[in-house]
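A structural walkthrough
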Amino acid sequence: MSSSSKLVLYSYWQSSCAWRVRFALNLKGLAYEYRSVNLRKGEQFSPEFKKLNPLCFVPVLVDGDIVVSDSFAILLYLNEKYPQNALLPSDPQLRALNLQASNIVSSSMQPLIMQSILKYIEDKFGPAERQLWVRHNTEKGFQALEKLLKDYAGTYATGEEVYMADVFLAPQTAVAEMRFNIDMSKFPTLNGIYKSCKDLPEFQASVPERQPDAEL
Amino acid sequence: MTWQVNRGKIVYSVSCIFVVFLGHLEEDREQCDSEQRVNQTATMEESKLKLYSSWRSSSSCRVRIALNLKGLKYEYKAVNLLKGEQFSPEFSKLSPLNYVPTLVDGDMIVVESFAILMYLEDKYPQHPLLPPDLKKRAINYQAASFVSSSIQPLQNLVEQKYIAEEVGSDEKLSWVKHHMEKGFAALEKLLKDHAAKYASGDEVFLADLFLAPQIHDALTRFNVDMTQFSLLLRLNDAYNELPAFQDAMPEKQPDYLQS
């Protein structure tokens, strides 16, 4: 693995957004220092972290004097700065597909099931409503993704190489299955993509349970 | 419902002697074409570009700004979201996800505003949407992604029927407004060391395309008091000076208030 020892990733083991970046860093063979931000303890609101990232989100990537927050922005940055094992294909159609799939996950799915919203729903309506809400929004997103990718997917989302769509899909699918009990057999294309990603050592090394701050 | 949009002529024909009838008189078109070349830096391209858009969609607005900035003519195809036209068989065939905006460029169909903007950037490099400096590019990506994943999706919550049935609309609106304001506060902090005339410096780039529609919506639909966000308000004033931005705003679209 080529090393870029100045890369630092602020991450939390259970954050699916941080997971995407861990997976991408592994795919590009980039070594990095893992710094844990314990979201459960509210460490993202510490003055020190706020100074680094006023948005108070993980993941945050620090590369020398460049600080990048937001997993989508980080992946685009990494792809431009470290072009090996490209995260976007050169074909315009496939390129657009990868950006679309990534955005469906990052704009239409994950934001609607982030903790602050789930807490609001649970506080107002109770845990059963929360589960219904998660299921509704997750399945809606997966239905869209299934439609988007079914004519293009091969081993991976847009063919035989791993690209950005896979980097977004695999953690989202894992969370849906393990944390929210979504039945992924309803989405055969996405399920196939997820199974392929699970075979990759780069994905396996990125899973929450293998992170330094995993609480098992 | 299709409109042949020829904004260049509308915006730049001030010095034309004759009134231009859209797409008709060749002599006038040639005269105004030469006026356009004098008056603008980007060339207007005859294009097979079609944009399926709704006036009220801020993600469509981002794309409209980009098309204007790059001097790309396009046919505006209005999709009435309230009537559910995005689910029509015709549109579904074109765009199986039933999303606006959808861009058609010959054989290429691109859905989703970020993907469309990157496609336009690759294919039509005039008036770049991203700066050459990687640090500044990263700021643009962050601002764009933050708007599209942390602020704009919350707006859609207001329209989501699921939550509307359970929660009073006043309460929902105030909750959405609260989160929008939090998002704007964070954006102010993100941009404060980078903004100049525009979000990431003295030129318009990607971040501005995401900020302008969002601020516009905050002001006109959600009654957000933007005076607490002096940087964003200042940027908004700058956007109001630019025809490419103004021509893209909801009120200027052919389907404004028709859906």
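What counts and what doesn't
- Residues numbered from 1 in each chain as written.
- Chains lettered and ligands numbered in written order.
- Predicted model: local features only at pLDDT ≥ 70, side-chain atom pairs only at ≥ 80, totals over all residues.
- Heavy atoms only, no water.
- UniProt positions renumbered as here; feature names shortened; annotations may be inferred.
- Salt bridge = Lys/Arg side-chain N within 4 Å of Asp/Glu carboxyl O.
- Helix = DSSP H or I, 4+ residues; strand = E, 2+ residues; numbered from the N terminus.
- Buried < 20%, exposed > 50% of the residue type's maximum accessible area, 1.4 Å probe, protein only.
- Domains from an automatic or database assignment.
- Contact = heavy atoms within 4.5 Å.
- Buried area = accessible area lost by both parts, 1.4 Å probe.
- Polar contact = N/O pair within 3.5 Å; in protein donor to acceptor, adjacent residues only side chain to side chain.
- Arc of directions from axis to C-beta.
- Nonpolar A, V, L, I, M, F, W, Y, C, P; charged D, E, K, R; others polar.

- As named in an unreviewed UniProt entry, chain B is glutathione transferase, taken from Vitis vinifera.
- Per its UniProt entry, chain B bears the Sequence similarities (unreviewed entry) comment "Belongs to the GST superfamily. Zeta family."
- Under the UniProt heading Catalytic activity (unreviewed entry), the note attached to chain B is "RX + glutathione = an S-substituted glutathione + a halide anion + H(+)".

- Per an unreviewed UniProt entry, chain A goes by the name glutathione transferase and belongs to Vitis vinifera.
- Per UniProt, chain A carries the Sequence similarities (unreviewed entry) text "Belongs to the GST superfamily. Zeta family."

**Some points on the pattern of salt bridges**
All names here are of chain A.
- Under the criterion given, the structure shown has 18 salt bridges over all chains.
- As a salt-bridge pair, Asp 63 and Lys 6 come within 3.4 Å of each other at their nearest N and O atoms. With Asp 63 in strand E3 (residues 60-63) and Lys 6 in the segment before strand E1 (7-11), this pair connects stretches of sequence that are 57 residues apart.
- Linking Asp 151 and Lys 150 is a salt bridge whose minimum nitrogen-to-oxygen distance equals 3.8 Å.
- The class for Lys 150 is partly exposed, based on a relative accessible area of 48%.
- Salt bridges sharing partners connect three or more residues here, namely Lys 6, Asp 63 and Lys 81.

**Topic: the domain arrangement of chain A**
Residues and elements named next belong to chain A.
- When its domains are assigned, chain A resolves into domain 1 (7-86) and domain 2 (92-202).
- Distance between the C-alpha centres of domain 1 and domain 2: 20 Å.
- Opposite the 14 residues of domain 1 that make contact, domain 2 presents 21 residues.
- Where domain 1 abuts domain 2, roughly 1500 Å² becomes buried across the two surfaces, and 75% of that area is made up of carbon and sulfur atoms.
- The interface formed by domain 1 and domain 2 holds zero salt bridges in total.
- Taken together, the links from domain 1 to domain 2 amount to two residue pairs in polar contact (both at pLDDT 80 or more).
- Residue assignment for the side of domain 1 that touches domain 2 shows that the elements contributing at least two residues are helix H1 (16-27) and helix H3 (71-81).
- If one sorts the elements of the side of domain 1 that touches domain 2 by residue count, H1 sits on top with eight residues.

**Here we look at the side chain of A:Asn98**
Residue and element names in this part refer to chain A.
- Locating Asn 98 in the fold gives a position in helix H4 (residues 92-109).
- Classification of Asn 98 by relative accessible area gives buried; the value is 0%.
- A distance of 2.9 Å separates the side chain of Asn 98 from the backbone nitrogen of Ala 165, its partner in a polar contact.
- If we ignore the near neighbours within four places in the chain, the residues touching Asn 98 are Leu 88, Pro 89, Thr 158, Tyr 163, Met 164 and Ala 165.

**Examining helix H5 (residues 115-125) of chain A**
Residues and elements named next belong to chain A.
- Taken together, the buried positions of H5 are occupied by Ile 117, Leu 118, Tyr 120 and Ile 121. Burial along H5 is one-sided: seen end-on, the buried residues are contained in an arc of 155°. Of the residues in H5, the exposed ones pointing more than 90 degrees away from the buried face are Gln 115 and Asp 123.
- Positive backbone phi, at 100°, marks Gly 126, one or two positions downstream of H5.

**Digging into the interface of chain B and chain A**
- With 39 residues of chain B in contact, the opposing surface of chain A contributes 43 residues.
- Carbon and sulfur atoms supply 66% of the area buried between chain B and chain A, which totals about 3600 Å² over both sides.
- Here chain B and chain A share three salt bridges between them.
- Among the ionic pairs, B:Arg137 bridges to A:Glu80, the shortest N-O distance being 2.6 Å.
- One can count eight residue pairs in polar contact (both at pLDDT 80 or more) joining chain B with chain A.
- For the side of chain B that touches chain A, the secondary structure elements donating two or more residues are strand E5 (108-111), helix H5 (113-123), helix H6 (134-159), helix H7 (161-166) and helix H8 (169-191) of chain B.
- Ranked by residues supplied to the side of chain B that touches chain A, first place goes to H6(B) with 14 residues.
- Its residues assigned to classes, the side of chain B that touches chain A comprises 24 nonpolar, eight polar and seven charged.

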